[in-house]
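Breakdown of the fold
The residues making up each chain are set out below.
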Amino acid sequence: MTTQGGMARRVLGATLAATLTVGAAVALDPPTASAARVPTTENAVIVWDRNAQTAIWDVAGQQPQVQARSFAMVHGAVYDAVNAIAGTPYQPYLTAPPANGTESTGAAVATAAHLVLDALFPEQRARLRTQYDESLAAIPDSSAKRRGITVGARAAAAMIAARRDDGAFGDQTWRVGSQPGQWRPTPPTFTDTGAWVGYLKPFLIPSASMFRTSGPPALTSDRYARDLNEVKTIGSATSTVRTLDQTQAAIWWHDRHLGEWEIKRQLATTQRLNPLQSARMFAMVDLAEADATTACYNEKARWNFWRPVTAVQLADTDGNPATVADPTWTPLLVTPPHPDFTSGHTCFTAASMSALAYFFGRDDIPFSAHSADSGTTRSFRGFSHAIEEVIGARIWGGIHTRTADVQGARIGAQVTAYVVRNHFRPRR
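Because the structure is predicted, anything quoted here is derived from the model rather than measured.

A short note on the overall build of the protein chain
Across its full length, the protein chain carries 14 helices and 2 strands. A compact globule built from 428 residues would reach a C-alpha radius of gyration of about 22 Å, and the protein chain, at 22 Å, matches this within 12%. For the C-alpha atoms alone, the extent of the protein chain along its principal axes is close to 75 × 40 × 40 Å. Burial status across the protein chain gives 59% buried among its 428 residues. Pairs at least 24 residues apart make up 80% of the contacts formed inside the protein chain by residues separated by at least 6 positions.

Some details on the pairing of strand 1 (residues 367-371)
If a strand is regular, its side chains alternate between the two faces of the sheet. Counting buried positions over the 5 residues of strand 1 gives 4, a clear majority of the element. Bridge analysis of strand 1 against strand 2 (residues 376-380) gives 5 bridges, and the strand direction is antiparallel. Of the residues in strand 2, the one forming a bridge with alanine 369 is arginine 378. Two successive antiparallel strands, strand 1 and strand 2, enclose a turn made up of 4 residues, where glycine 375 displays a positive phi of approximately 70°.

Here's the deal with helix 6 (residues 143-162)
Over its 20 residues, helix 6 runs 29 Å from end to end, which matches the ideal 28 Å to within 8%, given 1.5 Å per residue. Turning to helix 6, its buried residues are Ala144, Lys145, Gly148, Val151, Gly152, Ala155, Ala156 and Met159. End-on, the buried residues of helix 6 take up no more than an arc of 130°, which puts them together on one face. Elements in contact with the buried residues of helix 6: helix 3 (64-85), helix 4 (105-120) and helix 5 (125-137). The residue sitting at the N-terminus of helix 6 and contributing the capping side-chain oxygen is serine 142; that oxygen lies 3.4 Å from the backbone nitrogen of alanine 144.

Brief notes about the nonpolar core
Membership of the largest hydrophobic core comes to 113 residues, with the highest contact counts inside it found for Val78, Leu117, Phe203, Leu267, Met281, Phe360 and Phe383. The leading source of residues in this core is helix 10 (residues 275-303), at 13 residues.

Quick notes on the rules
- Residues numbered from 1 in each chain as written.
- Predicted model: local features only at pLDDT ≥ 70, side-chain atom pairs only at ≥ 80, totals over all residues.
- Heavy atoms only, no water.
- Helix = DSSP H or I, 4+ residues; strand = E, 2+ residues; numbered from the N terminus.
- Rg over C-alpha atoms; globule rule 2.2 N^0.38 Å.
- Buried < 20%, exposed > 50% of the residue type's maximum accessible area, 1.4 Å probe, protein only.
- Contact = heavy atoms within 4.5 Å.
- Pairing = 2+ DSSP bridges.
- Expected span 1.5 Å × (residues − 1).
- Arc of directions from axis to C-beta.
- Polar contact = N/O pair within 3.5 Å; in protein donor to acceptor, adjacent residues only side chain to side chain.
- Core = buried A, V, L, I, M, F, W, Y, C linked by side-chain atoms within 4.5 Å.

Structure follows, in C-alpha cells:
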C-alpha cells in the first residue's frame, strides 16, 4: 500500500503544481483586495448558491453527476452578469451584457440564478418565484435595481440557450458485459444510470475525450492484483483493518449532500471575497467540476471496467494467480450504478480543489465541512489534502480501485489546468 499511496502523491504533486504554475503566470487580483471593506449585507453570490443547493439537491434530489451541470449553469450565468457590471475585467464565459457599473449586482445575481433554476426546475416555479421576490424586496427600488435585473436576465438567457440540446438526460446506457473485467450491474440495486453524462456537451474543454488514459491495468498484471487485494481487504463491509477514521471518511465523501458546497461558501466567507471574486471563483470551480465529470464518464464508457464487488466475487475468472475469489464479499458502501474506471468523485474533487488552489494561488488554506450521513465534520490542511483523502476514501468504501481513483484525480486536475489557461483570465 505504501507504493500505491506514493504513486497517488506523485500524481497529485505534479498535477497541482502544474495548475499553480499556470496561476502564478497570470496577474490575478488578490482575493482579499477588498477585505478592508467589510460588507454590510450578505454576499448575493453565496446566498444564491445556497438557493441553488435547495433546488438542485434538497428538493430535486439530483445525483452528483447531474448536480454538476445544474450548478455550472447557475454560476456561469451569475459570473457573466457580475463580471459585466464590474466592467468585464475578466474573460466572459458566454456573454457580457451591456452595463455601465451602476447596476445593482444583487439584483443581477438573483435574476440570473433564479431564471436558470426556473428553466431547470419548472416544477419548482412557485417556490423559486417566492424566493426571488424576497431577494428583490430587500433591494431598494431604483433604476439601478431595474438595470441589474436586465443584466441578470440577459446572462441567464445566454446560458439557457447555450445548454439547450446539450445531451443532458439522453438515452445512452452502459454496456453490460459477461467477460472478465467487463462491467455489469451491481448489488443491491442492479441498476444502470448516468451514461449520458459522458456524452454531455462540455462547458469549457473542447472534447470529453481529450484527456483519455491508457485504461485500467491488465487483469493478469501485478498492479491489478495489488489494486484488487487492497480494496478487498480494506473496503469490505466487515473489514478488520479499516480504521474508524477511514470508515467515517468513506461515508463523508459518499454523502450525496456534497461537502464541496459548504467548502466553497466557507472559503468565500473566510477569505472575505467580494461578489465579483466570489462569482469568478464559483464559476471556475463549478464549470471545471462539470467538465471533469463528463470527461471521467466518457472514460467509463470507453473502458467499461467492472467494479470491485464484481471483481472480488469473480476473481477466479480473471486469470491472475495473485487474486482469490470471495463470492460473499460486499463493500462498505453501496456501489454506484456505473463502471469503475475512472472514478467520477476523484475527477470532480480534483477539478474543484485544483481550481481553488489556482484561484487563491496557494495550497495551504484550511477548511472543513460536515456530513449528516457520517455525523462528522472533516477538516483539511489544504486542497491537495482533500484530493489525497478522497482517493483513499473511495477505496476504504470498497467501491473503486486505487488506479481508477488516481487516474480520475489526474483527469480532474488536467481539466482545471486547461480551464485556467483558457478561461476566466484577466483582460487587463
